Amino acid sequence: VRLACLARVQDQKGFKALRQSWELLGLRERNTLVRHFLADGIDEHAFVCEFLPDCVAKARDNRHIGLPLLLEVLVNLIEHLQGVETKTSSEHQVKMISVNLSDMAEFI
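The structure displayed is predicted, hence computed values, not measured ones.

A. Up close: empty space enclosed by the protein. On inspection of all chains with the given rule, the structure shows one cavity of 30 Å³ or more. Of the voids in this model, the largest cavity is the one considered here, and its volume is about 30 Å³. Residue lining of the largest cavity: Leu3, Leu6, Phe37, Leu52, Val56, Leu70, Leu71 and Leu74, and that is the complete set. Only α1 (2-6), α4 (52-61) and α5 (66-81) provide two or more residues apiece to the lining of the largest cavity. Per element, the largest residue contribution to the lining of the largest cavity is three residues, and it comes from α5. A breakdown of the residues in the lining of the largest cavity according to their chemical character gives eight nonpolar, no polar and no charged.

As structure tokens, this is what we get:
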């Protein structure tokens, strides 16, 4: 549901296209995205991908990129971000990190 909202799906055709893109992903990629979209930033680390809806809309409209490729790039980004040091000090642990994707949205 979160991915459908991010993709601004409003009809059956949009849902079918999103589902087809989802089904092209492997199990590992799907699990990565599910964990990402369910992370709350309280109990587990979360990355807030700012401008992700713009990336999704532009990828969907770009025949050279498309939604399947964007989802693969998003999985790759999330996996790399998980390696980011999330501790700012020994007493304070950061659980939520904002990731600005505006440049990526412009590039798409």
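Still more to cover.
B. Geometry of the environment of Gly14. Assignment of secondary structure puts Gly14 in helix α2 (residues 12-24). Separated by 46 residues in the primary sequence, Gly14 and Arg60 place their C-alpha atoms 9.8 Å from one another.

C. Structural context of the environment of Ile97. Tracing the chain through its elements places Ile97 in strand β2 (residues 96-100). Residue classification places Ile97 among the partly exposed residues on the basis of a relative accessible area of 22%. In this structure the C-alpha to C-alpha distance between Ile97 and Val48, which are 49 residues apart in sequence, comes to 6.1 Å.

D. Seen up close, the nonpolar core. Membership of the largest hydrophobic core comes to 24 residues, with the highest contact counts inside it found for Leu33, Leu52, Cys55, Leu70 and Leu74. Put simply, the parts of the chain that give this core at least two residues each are α1, α3 (27-38), β1 (46-50), α4 and α5. The greatest single-element share of this core, amounting to seven residues, is contributed by α5. Residues within four places of Cys55 in sequence aside, it is in contact with Leu70, Leu101, Met104, Ala105 and Ile108.

E. Examining the layout of surface pockets more closely. Each pocket or cavity is described by its volume, and for the largest pocket that value is around 300 Å³. Around the largest pocket, the lining residues are Val1, Arg2, Leu3, Ala4, Phe15, Leu18, Arg19, Trp22, Leu33, Val34, Phe37 and Leu38. Broken down by secondary-structure element, the contributors of at least two residues to the lining of the largest pocket are α1, α2 and α3. A class-by-class count of the residues in the lining of the largest pocket yields 10 nonpolar, no polar and two charged.

F. Layout of the packing of α2 against α5. One can describe the packing of α2 onto α5 by two numbers: an axis separation of 9 Å at closest approach and a directional angle of 50°. Between α2 and α5, the angle falls in the class oblique. In this structure, α2 meets α5 at a crossing whose hand is right-handed. Contacts from Leu18, Ser21, Trp22 and Leu24 of α2 reach α5 at Leu67, Pro68 and Leu71. Per-class residue counts for the contact of α2 with α5 are six nonpolar, one polar and no charged.

Rules and cut-offs
Residues numbered from 1 in each chain as written. Predicted model: local features only at pLDDT ≥ 70, side-chain atom pairs only at ≥ 80, totals over all residues. Heavy atoms only, no water. 1 Å grid on protein atoms, 1.4 Å probe; cavity = no way out; pocket = protein on both sides within 12 Å on 5 of 7 lines; lining within 4 Å. Points joined across faces, edges and corners; volume = space filled by probe spheres on them. Helix = DSSP H or I, 4+ residues; strand = E, 2+ residues; numbered from the N terminus. Nonpolar A, V, L, I, M, F, W, Y, C, P; charged D, E, K, R; others polar. Buried < 20%, exposed > 50% of the residue type's maximum accessible area, 1.4 Å probe, protein only. Core = buried A, V, L, I, M, F, W, Y, C linked by side-chain atoms within 4.5 Å. Contact = heavy atoms within 4.5 Å. Axes fitted to C-alpha atoms, helices over the stretch in contact; angles between N-to-C directions. Parallel < 35°, antiparallel > 145°, perpendicular 65-115°, else oblique. Left-handed = near helix turned anticlockwise from the far one by under 90°.

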